[in-house]
Amino acid sequence: MKGSNSTAPFDFVTSGHADPKHFFSQAADDIRARLLDDGAVLIRSARQCRDPGVFEAAIAALGFETRDYVGGSSPRSTIQGKVMEATRTPPDWSVILHQEMAYVKSPPEIIAFVCVEPAGKGGESVIGDMRKLERLVDPAMLQRLTERGLKLRRTLPSEDRVGLKPGVKKSWQETFSTHRQAEAEMHCRARGWDFEWNGADLILWQDCISPMRAHPLTSANIWSNQAHFWGAAAMIEWALIDGREQDARELMTAQRENPLLLEAMCFGDGEPLPEDLTLALFHAVRGLEQDIDLGEGDILLLDNLQYAHGRRAFSGNRTINVIIGNWAGDQSYAVQG
Ligand SMILES: [Fe+2]
């Protein structure tokens, strides 16, 4: 595959005075080709794209088909059109490298971030070249995961038990605005989610996926699943790295006393992945981290399969807007054969 050895995103400088729509239309072929080759493109000083309408028009001018964040796990809200806030994960939490929505069958193919306001301290964006991960995992383990598949288990506790769950405390009653289990089930069915009840808690199952995914344009097989993230062992490790000791203690308690309250990446038959595997993957992915400093108006454009993204913890304000989408448009860059 072309560009598989590249390690750093390409800097593509734009004038802060250029008309963004014109600039992005003119540069679209070059940017798309570089994104496909390198997996990541950095466009500096597109200051007008701090405005959500201009950002959305710029991404559309690049020929990408924008998408909604349906079925995603991160707390976030839409700002305007298809432009969303990056995440509401608290500032003192880092965000572990991940490919957006990699636990569903059809995740977005590209993701674009624009820096509206950099953090006062910390908050660097982090990216990681996921093309390298396959070489870091044990082939026998990859074969086992490929044969059994992966399925993310998520839990929405009942409101009287929601306090037992570490992290985001959202009950199924609050999620679906109802106290009737039958109504919650109706909402799940309408969204095509598999579900079951564990006592009064609602367990949701995402799609069964393969650990590797074929790139839509090059057909290269790339690691893409978030198994390094969804598991108590990884979440405890993450909390300790961030210095969130209270969270780590709550996670350990839940892991010991109420393991089904915690999300878990499972084999396709529902058995949670073993802890040592989750931790090995967690550290392998952490080893891919590269910091990227985004200034006002900088756009980080990632091929969501080739590159994962995350961020460092920060203090002060930090505003990053995001758009997810698919390649769409002219697919003539696809590698033939
Ligand atoms: Fe994300």
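Residues numbered from 1 in each chain as written. Predicted model: local features only at pLDDT ≥ 70, side-chain atom pairs only at ≥ 80, totals over all residues. Heavy atoms only, no water.

Labelled according to an unreviewed UniProt entry, the chain appears under the name TauD/TfdA family dioxygenase, originating from Pseudomonas tensinigenes. Under the heading Cofactor (unreviewed entry), UniProt records this for the chain: "Fe(2+)". (UniProt positions renumbered as here; feature names shortened; annotations may be inferred.)

J.: With reference to specific residues and values, describe the side chain of His 98.
T.: As for its position among the elements, His 98 is in strand β6 (residues 95–98). Side-chain polar atoms of His 98 contact the backbone oxygen of Ile 96, separated by 2.8 Å. Once residues within four sequence positions are removed from consideration, His 98 is found in contact with Gln 226, His 228, Ala 308 and His 309. (Helix = DSSP H or I, 4+ residues; strand = E, 2+ residues; numbered from the N terminus. Polar contact = N/O pair within 3.5 Å; in protein donor to acceptor, adjacent residues only side chain to side chain. Contact = heavy atoms within 4.5 Å.)

J.: Talk me through the coordination of the iron ion; I want residue IDs and the actual numbers.
T.: Around the iron ion, the protein contributes the donor atoms His 98 (NE2), Glu 100 (OE) and His 309 (NE2), which lie 2.1 to 2.2 Å from the metal centre. Between consecutive donor residues of the iron ion, the sequence gaps follow H-x1-E-x208-H. Like Glu 100, His 98 is buried. (Donors = N, O, S within 2.8 Å, 3.2 Å for Na, K, Ca; no water. Buried < 20%, exposed > 50% of the residue type's maximum accessible area, 1.4 Å probe, protein only.)

J.: So what's going on with the nonpolar core? Which residues, and what values?
T.: Formed by 59 residues in total, the largest nonpolar core has its most connected members in Met 130, Leu 133, Leu 145, Trp 223, Met 265, Leu 273 and Leu 302. Counting residues per element, this core draws most heavily on helix α6 (residues 232–242), at six residues. Both domains that furnish three or more residues to this core are identified here as domain 1 (10–130 + 292–326) and domain 2 (133–285). Once you skip the residues sitting within four places of it in the chain, Trp 223 turns out to touch Gln 99, Met 130, Leu 133, Val 137, Leu 142, Leu 145, Pro 211, Met 212 and Leu 281. In terms of nonpolar packing, the next biggest core, distinct from the first, is built from 27 residues, Phe 24, Val 41, Val 83 and Ile 299 among them. (Core = buried A, V, L, I, M, F, W, Y, C linked by side-chain atoms within 4.5 Å. Domains from an automatic or database assignment.)

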